[in-house]
Amino acid sequence: MHAYNRIPSSGHSTPSPPASPLRSPRQGIFLFAPLIYISVMLLYMGSVSFDVVPVISHRPAPGSVYRSPQLYLKLRPEMDSDNSTADAISTIWKRSYKGDEWRPCINNSSGGLPETNGYIYVEANGGLNQQRISNDTLETVLISEGPGRLRDWNLVFGRGFDDWLLDQICNAVAVAGYLNATLVIPNFHFHSIWRDPSKFRDIYDEDYFTTTLKNDVQVVNKIPGYIMERFDHNMSNVYNFRIKAWSTIQYYRDAVLPKLLEEQVIRISPFANRLSVAAPPAVQRLRCLANYEALRFSSPILTLGETLLARMKERSANNGGKYISVHLRFEEDMVAFSCCVYDGGEQEKVDMRAARERGWKGKFTKAGRVIRPGAIRINGKCPLTPLEVGLMLRGMGFDRSTFIYLASGKIYNSERYMAPLLEMFPNLQTKDMLASNEELAPFKNFSSRMAAIDYTVCLHSEVFVTTQGGNFPHFLMGHRRYLYGGHAKTIRPDKRKLALLFDNPNIGWKSFKRQMLSMRAHSDSKGFELRKPNESIYSFPCPDCMCHTNKTEDSRSSSAT
């Protein structure tokens, strides 16, 4: 029942609002609680002295400090006492013994060649592997171009096999064959960084190259004199075709061929990366033929390489002649180019500044360019040190008795940085250890020829370990796939994961070893890989250069016959 106002207004009666409920004393306390709390806090803060400011200590950013030596000292006692290691070198490649494999199947041409459409002269720029594989991945350095602008800076860098010229030879063969042109033996440019004046015949067997290709591409070592008379016998007077990078083979047919027919000789310079990775099967076959069959090292290189290979197998006879080869990129110029910081202190800074100025004048000191070594290391771009390679391999199950062939140039501060690797693997060998000074003397001042010797010994190892990318390991993996049934038999470490592990002072040996064994197994599982559309046949010869077979069916057919 509603209560009504006793004094009506305007002659009408309206209901009044309901009466407010009575508040209890408990509810009143809650209303004043915030005021009481604020008052107490103000009184407390008034009694605190602010003369002393607390010091906040924090750990350096990940990757900014080279911690691997400290980790080695911590892990070494348990590593040395670990007796659980099996015969890793004989059991590492589990997938390579399954039923399916690949075999080389480059179809050979027969019959003569039609009349040539003209002569193609290419000028190849770079070192040994850039001669063979110019469309491979460049080394990448992380550099900031000002606040907050971190980008990938691609620079051509290399020494010997970490360069570009090998691919240019194969691409030149492919272009010449497709255009029915005569290929002039490529000319190699001398470069200010690797300083190698070697010519084609100094590195490769020119006669073998020409003979192998005779049914597909005509190859000569010079242009006939009656043609060069038109150009005063001066190659610089020959029309130079400037071709865009990654041009398709159709572009050569539509744009280059008409000019070739008109001039009878053309020059293409530069030629690095001037043919796209994707190409018709006929072009890919020519690439395969040139790379895997026609290119053979010159007799002096091949002889010494095979001699060192035999000595390596002899020294590792107790392991069945099996050994690991490691491609280590810790030369002074590689360390300088990477912009990574190690533990060499002020002397290292002086050495690196001098090396960068010698090789890349001004590129690293431009205004606004900030180098971030920590970001470079965490992104897996720093060259692994000999110590880090040793820790990784011991974690993967290779013990002190393992024989290792180290393929490398002159290691930066080698006496210091090589010591821990030799402690972990006393059976380590290099070409300087296996060969006498007299044997190496003819090759000493030629980085491409020295790299070719390393390449020969690495090609036939049971395990190949790549540590820094570049064209040497990419080409070698492809060549090993071509020889070993499609399996690269190569350890490709996850360098980003390694950087985090080496930066972790709390990791124990068992945990570290578990991570390394997982990385090793991943390399085995990725041993067989088919080429993807944007990948090079020089790293992935399957399926362009190889055919799939079934070992079980082959054995049945052979037993039936």
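What counts, and at which threshold
- Residues numbered from 1 in each chain as written.
- Predicted model: local features only at pLDDT ≥ 70, side-chain atom pairs only at ≥ 80, totals over all residues.
- Heavy atoms only, no water.
- UniProt positions renumbered as here; feature names shortened; annotations may be inferred.
- Helix = DSSP H or I, 4+ residues; strand = E, 2+ residues; numbered from the N terminus.
- Polar contact = N/O pair within 3.5 Å; in protein donor to acceptor, adjacent residues only side chain to side chain.
- Contact = heavy atoms within 4.5 Å.
- Pairing = 2+ DSSP bridges.
- Axes fitted to C-alpha atoms, helices over the stretch in contact; angles between N-to-C directions.
- Parallel < 35°, antiparallel > 145°, perpendicular 65-115°, else oblique.
- Left-handed = near helix turned anticlockwise from the far one by under 90°.
- Nonpolar A, V, L, I, M, F, W, Y, C, P; charged D, E, K, R; others polar.
- Buried < 20%, exposed > 50% of the residue type's maximum accessible area, 1.4 Å probe, protein only.
- Disulfide = S-S within 2.5 Å.

Going by the annotation in an unreviewed UniProt entry, the name recorded for the chain is O-fucosyltransferase family protein, with Fagus sylvatica given as the source organism. According to its UniProt record, the chain has this under Sequence similarities (unreviewed entry): "Belongs to the glycosyltransferase GT106 family."

> Provide a residue-level description of the side chain of Ser-461, including the pertinent values.
Mapped onto the elements, Ser-461 comes out in the loop between α20 (447-459) and β13 (463-466). In terms of polar contacts, Ser-461 uses its side chain to reach the side chain of Ser-325, at 2.7 Å. If we skip the residues at most four places from it in the chain, Ser-461 touches Tyr-323, Ile-324, Ser-325, Arg-480 and Tyr-484.

> Describe the sheet that holds strand β14 (residues 490-491), with residues and values.
With parallel pairing, 5 strands are arranged side by side in an open sheet as β12-β11-β9-β13-β14. Both edges of this open sheet fall to β12 (428-429) and β14, since each of them pairs with a single strand only. One ladder, built from 2 bridges, connects β13 with β14; its direction is parallel. Looking across to β14, one finds that Val-465 is bridged to Ile-491. Of the strands in this sheet, β9 (324-327), β11 (404-407) and β13 touch α20, which is tilted by about 150 degrees from β11.

> I'd love a proper account of the packing of helix α11 (residues 299-315) against α20, names of residues and values included.
In the contact formed by α11 and α20, the axes pass within 8 Å of each other and the chain directions differ by 40 degrees. Relative to α20, the element α11 lies oblique. Crossing of α11 against α20: the hand is right-handed. Packed against α11, whose contacting residues are Ile-301, Leu-304, Gly-305, Glu-306, Leu-308 and Leu-309, the element α20 presents Arg-449, Ala-452, Ile-453, Thr-456 and Val-457 at the interface. Grouping the constituent residues of the contact of α11 with α20 by class yields 7 nonpolar, 2 polar and 2 charged.

> Tell me about the pairing of strand β2 (residues 119-125), residues and numbers included.
Burial within β2 is extensive, with 6 of its 7 residues counted as buried. Judged from the 2 bridges that link them, β2 and strand β5 (residues 182-184) form a sheet pairing that is parallel. Bridge pairing links Tyr-119 to Thr-182 in β5. Sheet topology places β2 next to strand β8 (residues 265-268); 4 bridges connect them, and they run parallel. Note on β8: the bridge partner recorded for Tyr-119 is Val-265. Relative to strand β6 (residues 187-189), β2 runs parallel, the two sharing 3 bridges. Paired with Ala-124 across the two strands is Phe-188, which belongs to β6.

> How would you explain the state of the cysteines if you had to name every residue and give the values?
Enumeration according to the criterion identifies 3 disulfides in this entry. One disulfide bridge connects Cys-288 with Cys-545, the sulfur atoms lying 1.8 Å from each other. When the S-S torsion is -70 degrees, as for the bridge of Cys-288 with Cys-545, the disulfide is left-handed. Remark: Cys-545 occurs in the loop between α23 (509-525) and β15 (546-550) and Cys-288 occurs in helix α10 (residues 281-294); sequence separation between them is 257 residues. Exposure remark for Cys-288: the relative accessible area of 0% places this residue in the buried category. Bridging Cys-340 to Cys-382, the disulfide has an S-S length of 2.0 Å. Every disulfide takes its handedness from the sign of the S-S torsion; for Cys-340 and Cys-382 that torsion is -105 degrees, giving left-handed. In this pair, Cys-340 is assigned in the loop between α12 (332-338) and α13 (345-359) and Cys-382 in the loop between α14 (373-378) and α15 (386-395), connecting sequence segments 42 residues apart. In this pair, the class of Cys-340 matches that of Cys-382, namely buried.

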